[in-house]
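Below are the chains, spelled out letter by letter.
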Amino acid sequence: MHDLLGDGNGQTVGLGVSHTFAVDDNRVIYASAGVTWGSAQHWQTAHNRGGYSSAQLGSGLGSVGFGLAYRHALSPSRAWYAKASTGYNLEQRRTLYGNKPSSGGELGMLWFTR
């Protein structure tokens, strides 16, 4: 993304892939993976805003992430879902912030209007 707000954050580019596995007519599993690249200005701004000690950062890869999601249709207009994801720092971000993964999860309901 380009710095549309002009706050000095630089540019980032993300690339992701995903695949859907239909278990049956009511259940679907989604798998995804992605990587983020950022300009030197982006990484420097993010680092400075985080309150970390001074460091000189260059352009490069920042993180890679993986995710799984499950959706179960309860009716034609309702479904529940669960998501889990994890991410890892790469290159200079790993050096600065360590290799401890980040993770997240979500559980929810979906209502469709058709």
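You'll find the structure just up there.
Residues numbered from 1 in each chain as written. Predicted model: local features only at pLDDT ≥ 70, side-chain atom pairs only at ≥ 80, totals over all residues. Heavy atoms only, no water.

## A closer look at the pairing of strand E2 (residues 27-38)
Item 1. Both strand E1 (residues 12-22) and E2 contribute to a ladder of 11 bridges, which runs antiparallel. The residue of E2 that forms the bridge with Thr20 is Tyr30.
Item 2. Connecting the antiparallel pair E1 and E2 is a turn made up of 4 residues.
Item 3. By the bridge criterion, 12 bridges tie E2 to strand E3 (residues 60-75) in an arrangement that is antiparallel. In the strand pairing of E3, Ala31 is matched with Leu68. (Pairing = 2+ DSSP bridges. Helix = DSSP H or I, 4+ residues; strand = E, 2+ residues; numbered from the N terminus.)

## Some thoughts on the environment of Glu91
Item 1. Of note, Glu91 is situated in helix H2 (residues 91-97).
Item 2. As for Glu91 and Ala46, which are separated by 45 residues in sequence, their C-alpha atoms are 15 Å apart.
Item 3. Once residues within four sequence positions are removed from consideration, Glu91 is found in contact with Gly60 and Leu61.
Item 4. A polar atom in the side chain of Glu91 sits 3.1 Å from the backbone nitrogen of Leu61. (Contact = heavy atoms within 4.5 Å. Polar contact = N/O pair within 3.5 Å; in protein donor to acceptor, adjacent residues only side chain to side chain.)

## Brief notes about the pattern of salt bridges
Item 1. The tally for this structure, following the rule as stated, stands at 2 salt bridges.
Item 2. Between Glu106 and Lys83 there is a salt bridge; the shortest N-O distance is 3.8 Å. Of this pair, Glu106 sits in strand E5 (residues 102-111) while Lys83 is found in strand E4 (residues 78-89), placing the two residues 23 residues apart along the sequence.
Item 3. The exposure class of Glu106 is partly exposed, given its relative accessible area of 37%. (Salt bridge = Lys/Arg side-chain N within 4 Å of Asp/Glu carboxyl O. Buried < 20%, exposed > 50% of the residue type's maximum accessible area, 1.4 Å probe, protein only.)

These figures capture arrangement, not role.
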